[in-house]
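Chain by chain, the residues:
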Amino acid sequence: MDKKNIKVNSFKKRAFDVTLSLVGLIFTSPIILIAWIIASIETKSNGMFIQKRVGKDGKLFSVYKIKTMKKVEGVDTSITSANDVRITKSGRFFRNYKIDELPQLWNVLIGDMSFVGPRPDVPGYADKLEGDDRIVLSIRPGITGPATLKYKNEEEILAKQNDPKWYNDNVIWPDKVKINKEYIKNWSLKKDIEYIIKTVKG
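**Structural notes on unusual backbone geometry**
The general pattern is negative phi for most residues beyond glycine and trans for most peptide bonds.
Part 1: Despite not being glycine, Lys44 shows a phi value in the positive range, around 55°.
Part 2: Mapped onto the elements, Lys44 comes out in the loop between helix 1 (3–43) and strand 1 (48–54).
Part 3: With a phi close to 60°, Asp57 is a non-glycine residue in the positive phi region.
Part 4: By the secondary structure assignment, Asp57 is in the loop between strand 1 and strand 2 (60–66).

Okay, structure coming up:
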């Protein structure tokens, strides 16, 4: 793909993101507010989860999500499985219906994220990619995407493993990188819309 087409596609993708995220925030802001209040009460802390994630070009940004987990002494890992003791009752509901992801519409609006793309990870994954794999860092991370859809039951998959972190790092993560590379090389707005529809349908 030549540089002119790359610029045109980048503009189309960004224009789509800004328009849809603005509309999304207008309609979902009451849900976000209610979820934030519930999460604040149940976790006895700020119900908005803010964490540094790796974004476009490897730059860190703050991702916003509704808090779905509480602190549990002795449990300190970035890998979450379905039976994780840190997940709250409301958190399980929010995660099942993707309500916890709604604040990321703000990330999309301000340009940290896109609707579709590789999921933003904590440092130690995408920022460590080498060679051709670093193409994953050439676009904004997304709320959803082909890898996210394939592993929509990732927490259940990890819950069945004897060593969830090893399975994530050696099986799931490399496959996600492969899927995301193909997505970037064969991007189209039509496919983005299809991924969003599939995500909403569940």
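**Quick notes on the side chain of Ser114**
Part 1: Mapped onto the elements of the fold, Ser114 is located in strand 3 (residues 114–116).
Part 2: Relative accessible area serves as the criterion here: at 1%, Ser114 is assigned to the buried category.
Part 3: Side-chain polar atoms of Ser114 contact the side chain of Lys13, separated by 3.3 Å.
Part 4: Side-chain polar atoms of Ser114 contact the side chain of Asp17, separated by 2.6 Å.
Part 5: Once you skip the residues sitting within four places of it in the chain, Ser114 turns out to touch Lys13, Asp17, Val108, Arg140, Pro141, Gly142 and Ile143.

**Some thoughts on the pairing of strand 2**
On a regular strand, each side chain points to the face opposite its neighbour's, so the side chains alternate between the two faces of the sheet.
Part 1: The buried fraction of strand 2 is high, at five of seven residues.
Part 2: Between the end of strand 1 and the start of strand 2, which pair antiparallel, lie five residues, with Asp57 showing a positive phi angle near 60°.

**With respect to empty space enclosed by the protein**
Part 1: This structure, assessed with the given rule, holds one cavity of 30 Å³ or more.
Part 2: Estimated volume of the largest cavity: approximately 150 Å³.
Part 3: Contributions of two or more residues to the lining of the largest cavity are made by helix 4 (146–150) and helix 6 (164–185).
Part 4: Counting residues per element, the lining of the largest cavity draws most heavily on helix 6, at three residues.
Part 5: For the lining of the largest cavity, a count of residues per class yields ten nonpolar, three polar and five charged.

**With respect to the nonpolar core**
Part 1: Membership of the largest hydrophobic core comes to 22 residues, with the highest contact counts inside it found for Ile66, Leu105, Met113, Phe115, Val116, Ile143 and Tyr183.
Part 2: Top element by residues in this core is helix 1. It accounts for four residues.
Part 3: Setting aside anything within four residues of it in sequence, one finds Tyr183 in contact with Lys13, Val116, Gly117, Ile139, Pro146, Asp192 and Tyr195.
Part 4: Counting 15 residues, the second largest nonpolar core, distinct from the first, contains Ile79, Ala126, Leu158 and Ile179.

**So, the pairing of strand 1**
Part 1: As defined by bridge partners, strand 1 adjoins strand 2 across seven bridges and the pair is classed as antiparallel. The residue of strand 2 that forms the bridge with Arg53 is Phe61.

**Looking at the packing of aromatic side chains**
Part 1: Tallied over the full model, the rule gives five aromatic pairs.
Part 2: Pairing Phe16 with Phe115 gives two aromatic rings, centres 6.5 Å apart and planes at 65°, and the pair type is edge-to-face. With Phe16 in helix 1 and Phe115 in strand 3, the pair connects residues that are 99 residues apart, well separated along the chain.
Part 3: Look at Phe115 and you get buried, because its relative accessible area is 11%.

**What to know about the pattern of salt bridges**
Part 1: Counted according to the given criterion, the structure contains 13 salt bridges.
Part 2: Among the salt bridges present, the one from Lys56 reaches Asp57, with a minimum N-O distance of 3.3 Å.
Part 3: In this structure, Lys181 engages Asp133 in a salt bridge whose closest nitrogen and oxygen atoms are separated by 2.8 Å. Residue Lys181 is located in helix 6, and its partner Asp133 is located in the loop between strand 3 and strand 4 (142–144); the two are separated by 48 residues in the primary sequence.
Part 4: Its relative accessible area of 15% is what places Lys181 among the buried residues.
Part 5: Through salt bridges with shared partners, one network takes in Lys65, Asp100, Glu101 and Arg119.

**Some remarks on the environment of Ile41**
Part 1: Here Ile41 is to be found in helix 1.
Part 2: The exposed category is assigned to Ile41, whose relative accessible area is 61%.
Part 3: The sequence separation of Ile41 and Lys89 amounts to 48 residues, and the corresponding C-alpha distance is 12 Å.

Analysis parameters
Residues numbered from 1 in each chain as written. Predicted model: local features only at pLDDT ≥ 70, side-chain atom pairs only at ≥ 80, totals over all residues. Heavy atoms only, no water. Helix = DSSP H or I, 4+ residues; strand = E, 2+ residues; numbered from the N terminus. Buried < 20%, exposed > 50% of the residue type's maximum accessible area, 1.4 Å probe, protein only. Polar contact = N/O pair within 3.5 Å; in protein donor to acceptor, adjacent residues only side chain to side chain. Contact = heavy atoms within 4.5 Å. Pairing = 2+ DSSP bridges. 1 Å grid on protein atoms, 1.4 Å probe; cavity = no way out; pocket = protein on both sides within 12 Å on 5 of 7 lines; lining within 4 Å. Points joined across faces, edges and corners; volume = space filled by probe spheres on them. Nonpolar A, V, L, I, M, F, W, Y, C, P; charged D, E, K, R; others polar. Core = buried A, V, L, I, M, F, W, Y, C linked by side-chain atoms within 4.5 Å. Phe/Tyr/Trp six-rings, centres within 6.5 Å; stacked < 30°, edge-to-face > 60°. Salt bridge = Lys/Arg side-chain N within 4 Å of Asp/Glu carboxyl O.

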